[in-house]
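# Survey of secondary and tertiary structure
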Amino acid sequence: MPIGTAVHERTSQLCESLNYREWAGFYAVSAYESHHEHEYNAIRNSAALIDITPLYKYMVTGPDATRLVNRVIARDIRKVAVDQVIYCCWCDEQGKVIDDGTITRLGENAYRWTAADPSLHWFSRNALGLDVHFDDISEETAALALQGPTSGRLLAQLVGDEILKLKFFHVMHARIAGVEIDISRTGYTGDLGYELWIPWSEATKVWDALMETGRAFDIRGAD
């Protein structure tokens, strides 16, 4: 039985179509209206707020965390700086892709890893002989994607102009509505965009602040 995400109370109020799908055990809006026209236009011309909380999210830490990440992915994590993000895939021993996602390097041996499908078992299998610790934070961390050409200026109203200098695939630490969050300049829409990583219990505060400030930027909920 799917359950609501950290911002389900807000997304359900906007979902006029009552069109939902199941995503990783959560209710996810498939379309807020009977068509996608307004959502598409928001992403391409203004700003759209997308609930991506159902992504699987893991913290990987410990003295051998960097060795573990390099053992699993098809890139060299040693070239990635702290507060930098990469998109990558992980493969089996025959080179078959198992899944893909993003990895944010939060410290010398600390990573936040996202995945579309459950991957913790695969990571654990490949950690044999390594001093590494895994935390499944999927239900502790909410995630919102703010995408569209006005998204940077919208965020600047809330966190300051420093956000406008944030490089593609990098992360900054900020505060919105009194809530400490991470903001990465990442997304999957092909337009300017950011992803916000938020403590689960505080997610509605951040959603409300984004929607309130976003009125001046024609923000819309999108899927």
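That block above? That's the structure.
Everything numeric in this text was worked out from a predicted model, so none of it was measured.

Listed as buried for helix H2 (residues 37–45) are Glu39, Ala42 and Ile43. One side of H2 carries all its buried residues, which in axial view fall inside an arc of 95 degrees. In this structure, the buried side of H2 is in contact with strand E2 (26–31), strand E3 (47–51), strand E9 (141–147) and strand E13 (219–222).

Attention now goes to the sheet that holds E13. Ordered in space as E10-E11-E12-E9-E3-E13, the six strands form an open sheet in which the pairing is mixed. The outermost strands of the open sheet, each flanked by one partner alone, are strand E10 (171–176) and E13. Taken pair by pair, the neighbouring strands of this sheet meet at an average axis angle of 30 degrees, ignoring direction. Bridge count between strand E11 (residues 179–184) and strand E12 (residues 193–199): three bridges; the pairing is antiparallel. By the bridge assignment, Ser184 is partnered in E12 with Glu195. With respect to the sheet, H2 is in contact with E3, E9 and E13, its orientation differing from that of E13 by roughly 125 degrees. The strands touched by helix H5 (residues 151–159) within the sheet are E3, E9, E10, E11, E12 and E13, with E10 carrying the most contacts at an inclination of about 55 degrees.

What follows concerns the pattern of salt bridges. Opposite charge on two side chains lets them pair, provided their charged atoms get close. Under the criterion given, the structure shown has twelve salt bridges. Close ionic contact of Asp182 with Arg112 constitutes a salt bridge, the shortest N to O distance being 2.9 Å. Here Asp182 is found in strand E11, whereas its partner Arg112 is found in strand E7 (residues 110–115), with 70 residues between them in sequence. The buried category is assigned to Arg112, whose relative accessible area is 6%. Residues participating in the shared-partner salt-bridge network are Glu9, Arg10 and Asp208.

Procedures and definitions
Residues numbered from 1 in each chain as written. Predicted model: local features only at pLDDT ≥ 70, side-chain atom pairs only at ≥ 80, totals over all residues. Heavy atoms only, no water. Buried < 20%, exposed > 50% of the residue type's maximum accessible area, 1.4 Å probe, protein only. Helix = DSSP H or I, 4+ residues; strand = E, 2+ residues; numbered from the N terminus. Arc of directions from axis to C-beta. Contact = heavy atoms within 4.5 Å. Pairing = 2+ DSSP bridges. Axes fitted to C-alpha atoms, helices over the stretch in contact; angles between N-to-C directions. Salt bridge = Lys/Arg side-chain N within 4 Å of Asp/Glu carboxyl O.

Bear in mind that shape data such as this cannot, by itself, settle questions of function.
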